[in-house]
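# A look at the structure
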Amino acid sequence: MNGGDEVVTAPAGPPQPLDWKFSQVFGERTAGEEVQEVDIISAIEFDKTGDHLATGDRGGRVVLFERTDTKDHDALRRDLERMDHPINRHPEFRYKTEFQSHEPEFDYLKSLEIEEKINKIRWCQTANGALFLLSTNDKTIKFWKVQEKKVKKISEMNLDPPKAVGNGCVASSSNSNSPTPGLANGGSPDNDFSFPPGGLPSLRLPVVTSQETNLVARCRRVYAHAHDYHINSISNNSDGETFISADDLRINLWNLEISNQSFNIVDVKPANMEDLTEVITSAEFHPTHCNMLAYSSSKGSIRLIDLRQSALCDSHAKLFEEPEAPGSRSFFTEIIASISDIKFAKDGRYMLSRDYMTLKLWDINMDSGPVSTFQVHEYLRPKLCDLYENDSIFDKFECCLSGDGLRVATGSYSNLFRVFGCAPGSTEATTLEASKNPVRRQVQMPSRPSRSLSSITRVVRRGAETSGVDANGNSFDFTTKLLHLAWHPTENSIACAAANSLYMYYA
Amino acid sequence: MAMIDEPLYPIAVLIDELKNEDIQLRLNSIRKLSTIARALGEERTRKELIPFLSENNDDDDEVLLAMAEELGVFIPYVGGVEHANVLLPPLETLCIVEETCVRDKAVESLCRIGAQMREQDLVEFFIPLLKRLAAGEWFTARVSSCGLFHIAYPSAPEALKTELRTLYGQLCQDDMPMVRRSAATNLGKFAATVEAPHLKVDIMSMFDDLTQDDQDSVRLLAVEGCAALGKLLEPQDCVAHILPVIVNFSQDKSWRVRYMVANQLYELCEAVGPEPTRSDLVPAYVRLLRDNEAEVRIAAAGKVTKFCRILNSELAIQNILPCVKELSTDSSQHVRSALASVIMGMAPILGKDATIEQLLPIFLSLLKDEFPDVRLNIISKLDQVNQVIGIDLLSQSLLPAIVELAEDRHWRVRLAIIEYIPLLASQLGVGFFDDKLGALCMQWLKDKVYSIRDAAANNVKRLTEEFGPDWAMQHIVPQVLDMINNPHYLYRMTILHAVSLLAPVMGKDITCSKLLPVVINASKDSVPNIKFNVAKVLQSLIPIVDQSVVEKTIRPCLVELSEDPDVDVRYFATQALQSSDQQMMMSS
């Protein structure tokens, strides 16, 4: 398996740490404003070009943002891309549109409420100026098309001159009430009419006068009834025609065009549910190899499977696991080992995983252990008991990689998120707060961790040694957690969600 | 504006509704586009309607799909083939839209129009359109372009032909896998129009590119092209170029590719001729029959008969039959099921002796398979073996298999075997049937599941058709009518249903003497559902029996039912009476 042989060409030294600046905020909370549950953001995703950003929330809505700084006009986009950007340019977005993707439902057979909360959003291939995306809640995946449509203002009707141009045509509104079209009264002209060879000059075609457009989102397909458990991931294949959806025990393969059948490719459900020890927590297709996908488990392992081998890929091609440190086992070992998110780097060679305590970077050519481990929550280790009591230990933090693969990021509590440099030799470890002043908190947090000097292990541990900074732990607020964030595919820009607000930063 | 003559009103509405808010009305107008065109006349259709439609490209997909379809047959309405080119612009925009089905339809319509266009118009209008699409910014345009080359190519002058081939080569290497898939899908069609020398060079190099694509989905479609290309090439070229590819594909890393090969392989045998078939394709096929992946074995097993038909029987017995034996005990039930659905067809190919010696044991073991689908598939193709070796050799094992299926706990299995009973009856003959299967047919009428009772009633009718009314009078009718006294009303209802089905087959005499009295009796039933079903059955008997019987027996009964306390009984009785009135009026 050669997942991207091209080695990331490292510059002479490790890249300089980035200086993060606040860029934008959408839906900022005013002091004392109470956050509505439905407004809390539950998914963030950039599209492939980075020109669009989508967020989903617990109320089942999807909000789209579009980039304003590079694409002033569609027609000029290509020219602009060729031009050198002024250095201070950074991605700026504006609200584009929003739509209600999912509604709360009730499964009468299982007597089960289905939340409308958007679990994941994935962008699909743009075609002909229309945007396409997949959104999913716990059970149902939907395929959306968002497109500019001309606002029709019609004049020059054959019948009654429209009195109010623009609000539909009066002439036919009398007919549109009946389910059968207006012709029902007049009989079929096919049979009753013979037309003169030159046609009938008194007839005229309607004229569309307005050229205004507005955005319309239409649900094109619904992929339903294929998951018994909650869907945790969806991921598009590089072939542009298929995608997978994963729940706790199964991964299904779909064709985007076919919504009434899917193929089960992974099934970890044991014959007897009492034997269940491990569930699927996240799954993603390889960015370029259409036959490869990775999924993570609640036991902290990542499995790489090859769809070529077999129709049902219960046996993995490769297993990535970190050997357990001897003697360190405790009640929490398994809980905190559970991987909440995995992402492939753009080149497909590296994978990033997030468990409760750490971020781990894996090389798909090395299954003996991670290439690097970044401590995110080491300072919480003494408090695991409290975190277990208030269920925080089960929080699912997402992770992301920069487009150049040099940095990784993930969220934490108190609306903080951390950015680490993962290039060889880099010691970059920045803590930022999702607020208008992202570096406000940095003083409190370790920014220059010492490097492990051990040459025996290739694992580089950083950011762990200074856990005492927050010794009393009071300043950490477990109710404000930053779970969702995304890195712009081509530039150093991060979008992250703090409750109902979307913050954007650049460097 | 509102000066529309009364008779023109419908057509005026139709035109206005091209832009109605209601999608159903727009769809309706688009489907009647030819009427609108005729009303406008050819010239205004060209100058106004077609440009109008070209503008209308952001409508809903359903409307665009209908438009793409209508435009394909629009040549007469724009003034014949010399004006066909005006239809190209609206279809060109439809070739770019996002929805696949709209694009496919637009391409289909463009092909249809292009096939009728005059040669100089093709060069002047069609080929430039094709080149624009092939160089389109969006992949959707490039996907569509692949399906148009085979129309454009034959009329192109030599220089343009070279350009088109180059263009197609570029599409085969497009960045987007969607475009490469479309190029792979359409390669066979395009190749059929290309001259032999270029075929061997240009097309084969494109084919090579596609067969080495990174994307499984592209290679899959390249496999599909193998057979089509193979048929175009001379046998020796086919052996030189296609054969190595297909043999390679049969060992591809991806099971999906091997699956496609398993499905297609037999088609290639003819193209390469008998000797390479024996030396290369048979070993490849044998490998596929023994593939690790069950899906591949399913595909290969399903083609066993087709493949053997191409080989001589000696080769089939020597190479394929051992695999077939293995497959009959495959660990996957789906493989056995696929095998069972075709294996009976091998009997005529192998001949009587080989069938008895080699195939019969396999049939018998499949008949005892634990998976019902396997047994059903064998039984459904019984007629093919019957012609070769007769049924006797099988009947010993057949009966237990049938009985077991008839009593299977899954109702779908029982339903499937009922469907085959008339076939079995015709193959096994009256004697065998009477002894063993008659009782089963009666038992199904009392099944717990409605669908089975319904099918059983139908089965009784089909058996009567097979063996004739006399036989039915002896072996079916008495037993069926006996059951009208069953204490459970649902079973009584089944019998009423069976009676209504049997009556037309049995003829009026037996209907009057045997069936009608039973129905009339049932009208005294205590359950209203039975009574209104009596009314329905009586209504269905009216056309069969003589008018006098209707007057004397049926109508009085219906009149009585029409005064029943139950509203549904009254309703159906009245319905039946009305229909009998109509019947009388018509006959008088």
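Everything below is about the structure printed above this text.
The structure reproduced in this document is the subject of the present report. (Residues numbered from 1 in each chain as written. Chains lettered and ligands numbered in written order. Predicted model: local features only at pLDDT ≥ 70, side-chain atom pairs only at ≥ 80, totals over all residues. Heavy atoms only, no water.)

Summing up its helical and strand segments, chain A has six helices and 33 strands in all. Looking at chain A as a whole, 53% of its 507 residues are labelled buried. The long-range fraction of contacts in chain A, counting pairs at least 24 apart against all pairs at least 6 apart in sequence, stands at 59%. If you sum the accessible surface of chain A, you get close to 23,100 Å²; carbon and sulfur atoms cover 50% of it. (Helix = DSSP H or I, 4+ residues; strand = E, 2+ residues; numbered from the N terminus. Buried < 20%, exposed > 50% of the residue type's maximum accessible area, 1.4 Å probe, protein only. Contact = heavy atoms within 4.5 Å. Areas by Shrake-Rupley, 256 points an atom, 1.4 Å probe, with all protein chains shown as cover.)

A tally of regular secondary structure across chain B gives 35 helices and zero strands. Here chain B has a C-alpha radius of gyration of 33 Å; the compact-globule value for 588 residues is 25 Å, and the former is much larger. Each principal axis of the C-alpha atoms in chain B carries an extent, and together these give about 85 × 85 × 35 Å. Going through the 588 residues of chain B one by one, you find that 59% of them count as buried. Taking the intrachain contacts of chain B between residues at least 6 apart in sequence as the baseline, contacts between residues at least 24 apart amount to 66%. Just so you have it, chain B exposes about 24,100 Å², and 50% of that area is on carbon and sulfur atoms. If you average the places of the 57 positive and of the 81 negative side-chain charges in chain B, the two averages end up 4 Å apart. (Rg over C-alpha atoms; globule rule 2.2 N^0.38 Å. Lys, Arg positive; Asp, Glu negative; His and termini not counted. Charge placed at Lys NZ, Arg CZ, Asp CG, Glu CD.)

The next point concerns the layout of surface pockets. To locate leftover empty space, one rolls a probe as large as a water molecule over the atoms. Residues and elements named next belong to chain A. One number sums up the size of the second largest pocket: a volume of about 1,300 Å³. Considering the residues around the second largest pocket, the lining is formed by 46 residues, among which Lys117, Phe394, Asp395, Lys396 and Leu483 are closest to the centre. Among the elements that take part in the lining of the second largest pocket, strand E18 (residues 280-285) stands out by supplying three residues, more than any other. By residue class, the composition of the lining of the second largest pocket is 15 nonpolar, 15 polar and 16 charged. (1 Å grid on protein atoms, 1.4 Å probe; cavity = no way out; pocket = protein on both sides within 12 Å on 5 of 7 lines; lining within 4 Å. Points joined across faces, edges and corners; volume = space filled by probe spheres on them. Nonpolar A, V, L, I, M, F, W, Y, C, P; charged D, E, K, R; others polar.)

The final tally for this structure, using the stated rule, is 62 salt bridges over all chains. For B:Glu98, the salt bridge identified is with A:Lys145, shortest N-O distance 2.7 Å. Separated into two different chains, B:Glu98 in the loop between helix H6 (88-94) and helix H7 (100-116) and A:Lys145 in strand E10 (residues 141-150) make up a pair that spans both. For B:Glu98, a relative accessible area of 10% corresponds to the buried category. Between B:Arg336 and B:Asp369 there is a salt bridge, with its nearest N and O atoms 2.5 Å apart. Placement of the pair is B:Arg336 in helix H21 (residues 333-343) and B:Asp369 in the loop between helix H22 (346-367) and helix H23 (372-380), with a sequence separation of 33 residues. (Salt bridge = Lys/Arg side-chain N within 4 Å of Asp/Glu carboxyl O.)

This part takes up the nonpolar core. Core analysis: the biggest nonpolar cluster contains 247 residues, and B:Leu49, B:Ile246, B:Ile320, B:Ile343 and B:Trp444 have the highest contact counts within it. Look past the residues within four positions of B:Ile246 in its chain and what remains in contact with it is B:Val223, B:Cys226, B:Val261, B:Leu265, B:Leu268 and B:Leu281. A:Val25, A:Phe417, A:Trp487 and A:Ile494 belong to the second largest nonpolar core, which has 17 residues in total. (Core = buried A, V, L, I, M, F, W, Y, C linked by side-chain atoms within 4.5 Å.)

Now for the interface of chain B and chain A. You'll often see interface size given as the accessible area lost when the parts meet. Facing 63 residues of chain B, the contacting portion of chain A comprises 64 residues. Between chain B and chain A, roughly 5,600 Å² of surface is buried when both sides are summed, and carbon and sulfur atoms account for 54% of that area. At the boundary of chain B and chain A, one finds ten salt bridges. The interface formed by chain B and chain A holds 21 residue pairs in polar contact (both at pLDDT 80 or more) in total. At the level of elements, helix H1 (9-16), helix H2 (23-31), helix H3 (33-40), helix H4 (42-55), helix H5 (61-71), helix H9 (139-146), helix H12 (177-191) and helix H14 (216-232) of chain B are the ones that each hand at least two residues to the side of chain B that touches chain A. In terms of residue count, the dominant contributor to the side of chain B that touches chain A is H1(B) (eight residues). Partitioned by chemical class, the residues of the side of chain B that touches chain A number 26 nonpolar, ten polar and 27 charged. (Buried area = accessible area lost by both parts, 1.4 Å probe. Polar contact = N/O pair within 3.5 Å; in protein donor to acceptor, adjacent residues only side chain to side chain.)

On to the sheet that holds strand E9 (residues 131-136) of chain A. Residues and elements named next belong to chain A. Here four strands make up an open sheet; going across it, the order is E8-E9-E10-E13 and the pairing antiparallel. This sheet does not close on itself; its edge strands, each paired only once, are strand E8 (120-123) and strand E13 (213-223). With strand direction ignored, the average angle separating the axes of adjacent strands in the sheet is 25°. Here E8 pairs with E9 via four bridges, running antiparallel. The residue of E9 that forms the bridge with Arg122 is Leu134. (Pairing = 2+ DSSP bridges. Axes fitted to C-alpha atoms, helices over the stretch in contact; angles between N-to-C directions.)

On to the environment of B:Thr193. Residue and element names in this part refer to chain B. With respect to the helices and strands, the residue Thr193 is situated in the loop between H12 and helix H13 (196-211). For Thr193 and Val527, which are 334 residues apart along the polypeptide, the C-alpha to C-alpha distance reads 72 Å. With residues up to four places along the chain from it excluded, the contact list for Thr193 reads His150, Tyr153 and Pro154. A polar contact of 2.7 Å, which involves the side chain of Thr193, links it to the backbone oxygen of Phe190.

Turning our eyes to something else, we now look at the pairing of strand E23 (residues 350-354) of chain A. All names here are of chain A. For E23, the buried fraction is high: four of the five residues fall into the buried class. For strand E22 (residues 341-344) and E23, the ladder comprises four bridges, and the chain directions are antiparallel. Paired with Ile342 across the strands is Ser353, a residue of E23. Hairpin connection from E22 to E23: five residues lie between these consecutive antiparallel strands, with Gly348 at a positive phi of about 85°. Bridging between E23 and strand E24 (residues 358-363) involves five bridges; their strand directions are antiparallel. Bridging across to E24, Arg354 finds its partner in Leu359.

Residue and element names in this part refer to chain B. Taking 1.5 Å as the rise per residue, helix H16 (residues 255-272) with 18 residues should run 26 Å; its terminal C-alpha atoms sit 24 Å apart, in good agreement. Remark: the principal bend of H16, roughly 50°, maps to Leu265. Following H16 by one or two positions, Gly273 adopts a phi angle in the positive range, close to 90°. (Expected span 1.5 Å × (residues − 1). Bend = angle between axes of the 7 residues up to and from the residue.)

Right, let's talk about the side chain of B:Asn377 for a bit. Residue and element names in this part refer to chain B. Summarising the element assignment, Asn377 is placed in helix H23. The exposure class of Asn377 is buried, given its relative accessible area of 18%. At a separation of 2.9 Å, a polar atom in the side chain of Asn377 contacts the main-chain carbonyl oxygen of Ser337. Once residues lying within four places of it in the same chain are set aside, the contact partners of Asn377 are Ser337, Ala340 and Ser341.

Attention now goes to the side chain of B:Ser579. All names here are of chain B. Turning to its location among the elements, Ser579 is positioned in helix H35 (residues 567-587). Note on Ser579: relative accessible area 17%, which makes it buried. Discounting chain neighbours no more than four positions away, the residues touching Ser579 are Gln539 and Ile542.

For the rest of this paragraph, the subject is a nonpolar patch on the surface. Residues A:Phe331, A:Tyr388 and A:Phe394 make up a contiguous nonpolar surface patch of about 320 Å² in total accessible area. Summarising the element assignment, A:Tyr388 is placed in helix H6 (residues 384-389). (Patch = residues over 30% accessible without salt bridge, like charges linked within 9 Å, V, L, I, M, F, W, Y side chains within 5 Å.)

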